[in-house]
Amino acid sequence: MATKNESQSKAKGLEDLFHDGLKDVYYAERKILNALKKMAKGAESDELTAAFEKHRDETEAQIERLQQVFEIFGKRPQGKTCPAIDGIIEEGQEILEEFKEAPALDAGLVAAAQEVEHYEIARYGTLITWAGLLGLKDAVPLLEETLEEEKATDEALTQLGEASVNERAMQEAA
């Protein structure tokens, strides 16, 4: 005889995981949108401010694409609290507060932003795989477009860190 937990786990499948992941990343993108506004305002370097503003605009489009994916999947767009992204954003907020006007602020913000990007890259990669398996062929390119933007943002942040903000933090701290 199956236990209650075994019965519940058998009732949930890949569609449920996909929907859960979709709700999770929808919540995350909306939280990230607010965090990017704060990070852009708090950044010291004009280049970093511009990078955050550019990604804020991309995030707005990503939210719209997620709404389209929900529609393709036959569900209404809704978020689900994501403790992982809440924690990552909280760490970024701590950097903004603890390093305000400090030489290492921008280097810390780049690191915090990359943590967000890596989370998103992992989430979107999984959703793309699951959408393909579920036959949601119209959802796959929408998710792929967002994944490519997240990867490009991560690369831009790496370049910004290596080209200026990390070095500036070292020089000013010396």
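To be clear, the structure that these remarks concern was listed above.
Heads up: these notes are all about the structure in this document. Treat the numbers as computed from the prediction; the structure is a model and nothing was measured.

1. Comments concerning a negative patch on the surface
Phase 1 of the analysis: On the surface, a cluster of negative charge is contributed by Glu 90, Glu 91, Glu 94, Glu 97, Glu 98 and Glu 115.
Phase 2 of the analysis: Counting residues per element, the negative patch draws most heavily on helix 4 (residues 83-98), which supplies five residues.
Phase 3 of the analysis: Along the chain, Glu 91 turns up in helix 4.
Phase 4 of the analysis: Residue Glu 91 is classed as partly exposed on the basis of its relative accessible area of 42%.

2. Topic: the side chain of Lys 23
Phase 1 of the analysis: Of note, Lys 23 is situated in helix 2 (residues 14-42).
Phase 2 of the analysis: Among buried charged residues, Lys 23 stands out as having no salt bridge; its nearest opposite-charge side chain is Asp 20, 4.3 Å away.
Phase 3 of the analysis: In this view, Lys 23 contacts Phe 70, Gln 78, Gly 79 and Lys 80; residues no more than four positions away in its chain are not counted.

3. Some thoughts on helix 3 (residues 46-73)
One turn of the α-helix equals 3.6 residues, which is why residues spaced by three or four share an orientation.
Phase 1 of the analysis: Spanning 28 residues, helix 3 covers 40 Å between terminal C-alpha atoms, matching the ideal 40 Å at 1.5 Å per step.
Phase 2 of the analysis: Looking one or two residues beyond helix 3, the residue adopting positive phi is Gly 74, at roughly 80°.

4. Looking at unusual backbone geometry
Phase 1 of the analysis: Positive phi, close to 65°, is recorded for Glu 101, a residue that is not glycine.
Phase 2 of the analysis: Considering the arrangement of structural elements, one finds Glu 101 in the loop between helix 4 and helix 5 (105-133).
Phase 3 of the analysis: Glu 101 gets classed as exposed once you look at its relative accessible area, which sits at 66%.

5. Focus on the nonpolar core
Phase 1 of the analysis: Core analysis: the largest hydrophobic core is formed by 26 residues, its most contacted members being Ile 32, Met 39, Leu 48, Phe 52, Ile 85 and Leu 109.
Phase 2 of the analysis: When contributions to this core are tallied by element, the ones reaching two or more residues are helix 2, helix 3, helix 4, helix 5 and helix 6 (139-173).
Phase 3 of the analysis: The contact partners of Leu 48, leaving out residues within four places of it in the chain, are Ala 43, Asp 106, Leu 109, Val 110, Leu 157 and Leu 160.
Phase 4 of the analysis: Membership of the second largest hydrophobic core comes to 21 residues, among which are Leu 22, Ile 63, Phe 70 and Val 140.

6. Notes on the pattern of salt bridges
One side chain can pair with another of opposite charge once the charged atoms of both are near each other.
Phase 1 of the analysis: Scanning the entire structure with this criterion turns up eight salt bridges.
Phase 2 of the analysis: Arg 123 is paired through a salt bridge with Asp 24; the nearest N and O atoms lie 3.3 Å apart. Residue Arg 123 is located in helix 5, and its partner Asp 24 is located in helix 2; the two are separated by 99 residues in the primary sequence.
Phase 3 of the analysis: Of the residues examined, Arg 123 reaches a relative accessible area of 22% and is grouped as partly exposed.
Phase 4 of the analysis: One network of salt bridges, with partners in common, ties together Arg 65, Glu 145 and Glu 149.

Cut-offs applied
Residues numbered from 1 in each chain as written. Predicted model: local features only at pLDDT ≥ 70, side-chain atom pairs only at ≥ 80, totals over all residues. Heavy atoms only, no water. Patch = residues over 30% accessible without salt bridge, like charges linked within 9 Å, V, L, I, M, F, W, Y side chains within 5 Å. Areas by Shrake-Rupley, 256 points an atom, 1.4 Å probe, with all protein chains shown as cover. Salt bridge = Lys/Arg side-chain N within 4 Å of Asp/Glu carboxyl O. Lys, Arg positive; Asp, Glu negative; His and termini not counted. Charge placed at Lys NZ, Arg CZ, Asp CG, Glu CD. Helix = DSSP H or I, 4+ residues; strand = E, 2+ residues; numbered from the N terminus. Buried < 20%, exposed > 50% of the residue type's maximum accessible area, 1.4 Å probe, protein only. Contact = heavy atoms within 4.5 Å. Expected span 1.5 Å × (residues − 1). Core = buried A, V, L, I, M, F, W, Y, C linked by side-chain atoms within 4.5 Å.

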